Amino acid sequence: MLKIVYPICCGMDVHKSFIYACIASTNEQGVTTYKSKRFSTFTNELRMCAIWLAENNCRDVCMESTGKYWIPVYNILEPTCNIVLAHPITKLLENPGEKITDVSSFRTKGMKAANEEVLAAIDGEICAEQAGKLRIIRSHLDSIELCCLNLESLILANAEKYLPQVNLVSTVPGIRTFAAISIISEIGVDMSVFATSKHLCSWAGLAPQNNESAGKKKTTRISRAGSYIKPLLVQCALCAIRKKSNPEIHSRYLSIKKRRGHKKAIIAIARMLLTAIYNILKKNEPYNSELYSRCNNTPPEHRAVSVEEAIFILQRQGYIVSPNAP
């Protein structure tokens, strides 16, 4: 017969949002009975777990620690229990028992969570060592933020002489001050170096390849040029299509997306923005969305066909029977 080492002990299965505790009590006759209960991992529930263990005269607890979720449980039970822990993994933000991930699940844009739920989620116990680590991390974050502010100030100081052009480029949808500065730093403000806007788009890697043989296009992929400006313009295009105040961009994106897919549509919008920037800097005028409306309302020249071509198209589509047909 096995020797009973712990007449009353508890085993715990620790999860992210709850723990499952089972107390095993063995009497003098060697008969073991079990009591189990489930608790939330919020601090108030863990305190209730400690009270439950004390009411059942249980001081020996064993729990697995294959994740980081054992730490708040350990902090609460340590003063009243002898805890046997296997394979700890330590994460600082989970040490105090502050369930940051649970808070984020309650928080929404309208902050619908009740105050009691938020307070229960951030109620934790922090020891002096943990508080010291958090202070160091907070100080490090503050220093990084200060470095970012100093860097932004330096960028603005260097771009001060190009402020008129920056303000003009900032009128383009999806482009703000620092994006405008980055674009100008790549292409400059003198557009005479590019013969047309198509040359600029090709230089930026936003123009499709002209790979055609025997009247068949083999590929329309864009080139690898513009490793810096191209990702920036793509991000600006993603911002521009989300704004309802720019229907000329949103409608063009949807039109291309239906035929070519999202990725090609975004590249087309990025090319559209760069074309607008080219004309803005060349003419020294702000962005004008009405120009796109006029262009969309005017049928392109290549759509005009002769009478013979129109008859041929209608015959091919079956609307007119050819006189030579049998």
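A. Local environment of the nonpolar core. Within the largest apolar cluster, 43 residues are counted, with the highest numbers of intra-cluster contacts made by Ile175, Ile187, Leu233, Ile249, Ile269, Leu274 and Ile277. Here this core gets 14 residues from one element, more than from any other, and that element is helix H11 (residues 262-283). Every residue in contact with Ile187, bar those within four places of it in the chain, is listed here: Phe194, Leu200, Trp203, Ile229, Leu274, Ile277 and Leu281. Ile19, Leu53, Ile71 and Ile83 belong to the second largest nonpolar core, which has 22 residues in total.

B. Summary view of unusual backbone geometry. Unusually for a residue other than glycine, Asn57 sits at a positive phi of about 60 degrees. Along the chain, Asn57 turns up in the loop between helix H1 (43-55) and strand E4 (60-64). According to the relative accessible area criterion, Asn57 is exposed, its value standing at 56%. In this model, Asn284 sits at a positive phi of 60 degrees, which is unusual for a non-glycine residue. Here Asn284 shows up in the loop between H11 and helix H12 (290-297).

C. A look at a positive patch on the surface. Together, Arg221, Arg252, Arg259, Arg260 and Lys264 give the surface a local cluster of positive charge. The leading source of residues in the positive patch is helix H10 (residues 247-260), at three residues. What makes Arg221 exposed here is its relative accessible area of 62%.

D. Focus on the pairing of strand E2 (residues 18-26). As paired strands, strand E1 (residues 8-14) and E2 are joined by seven bridges and run antiparallel to one another. Of the residues in E2, the one forming a bridge with Asp13 is Tyr20. Between E1 and E2, which pair antiparallel and follow one another directly, the connecting turn spans three residues. Note: E2 against strand E3 (residues 32-40), nine bridges, orientation antiparallel.

E. Examining the packing of aromatic side chains more closely. In total, this model carries three aromatic pairs according to the counting rule given. Look at Phe39 and Trp52: their rings are 5.7 Å apart centre to centre, the planes differ by 55 degrees, and that puts the pair in the tilted class. Highlighted residues: Phe39 in strand E3 and Trp52 in helix H1, separated in sequence by 13 residues. Side by side, Phe39 and Trp52 carry an identical accessibility label, which is buried. Both rings, one in Trp70 and one in Tyr74, keep their centres 5.7 Å apart while their planes meet at 90 degrees; by these two values the pair is edge-to-face. You can see Trp70 and its partner Tyr74 sitting in helix H2 (residues 70-77), four residues apart, about one turn around the helix. For Trp70, a relative accessible area of 9% translates into the label buried. Residue class for Tyr74 comes out partly exposed when judged on its relative accessible area of 22%. Over the ring of Phe18 we find Arg38; its NZ or CZ atom is 3.7 Å from the centre of that ring.

Each value, and the rule that gives it
Residues numbered from 1 in each chain as written. Predicted model: local features only at pLDDT ≥ 70, side-chain atom pairs only at ≥ 80, totals over all residues. Heavy atoms only, no water. Core = buried A, V, L, I, M, F, W, Y, C linked by side-chain atoms within 4.5 Å. Buried < 20%, exposed > 50% of the residue type's maximum accessible area, 1.4 Å probe, protein only. Helix = DSSP H or I, 4+ residues; strand = E, 2+ residues; numbered from the N terminus. Contact = heavy atoms within 4.5 Å. Patch = residues over 30% accessible without salt bridge, like charges linked within 9 Å, V, L, I, M, F, W, Y side chains within 5 Å. Areas by Shrake-Rupley, 256 points an atom, 1.4 Å probe, with all protein chains shown as cover. Salt bridge = Lys/Arg side-chain N within 4 Å of Asp/Glu carboxyl O. Lys, Arg positive; Asp, Glu negative; His and termini not counted. Charge placed at Lys NZ, Arg CZ, Asp CG, Glu CD. Pairing = 2+ DSSP bridges. Phe/Tyr/Trp six-rings, centres within 6.5 Å; stacked < 30°, edge-to-face > 60°. Lys NZ or Arg CZ within 6 Å of the ring centre and 35° of its normal.

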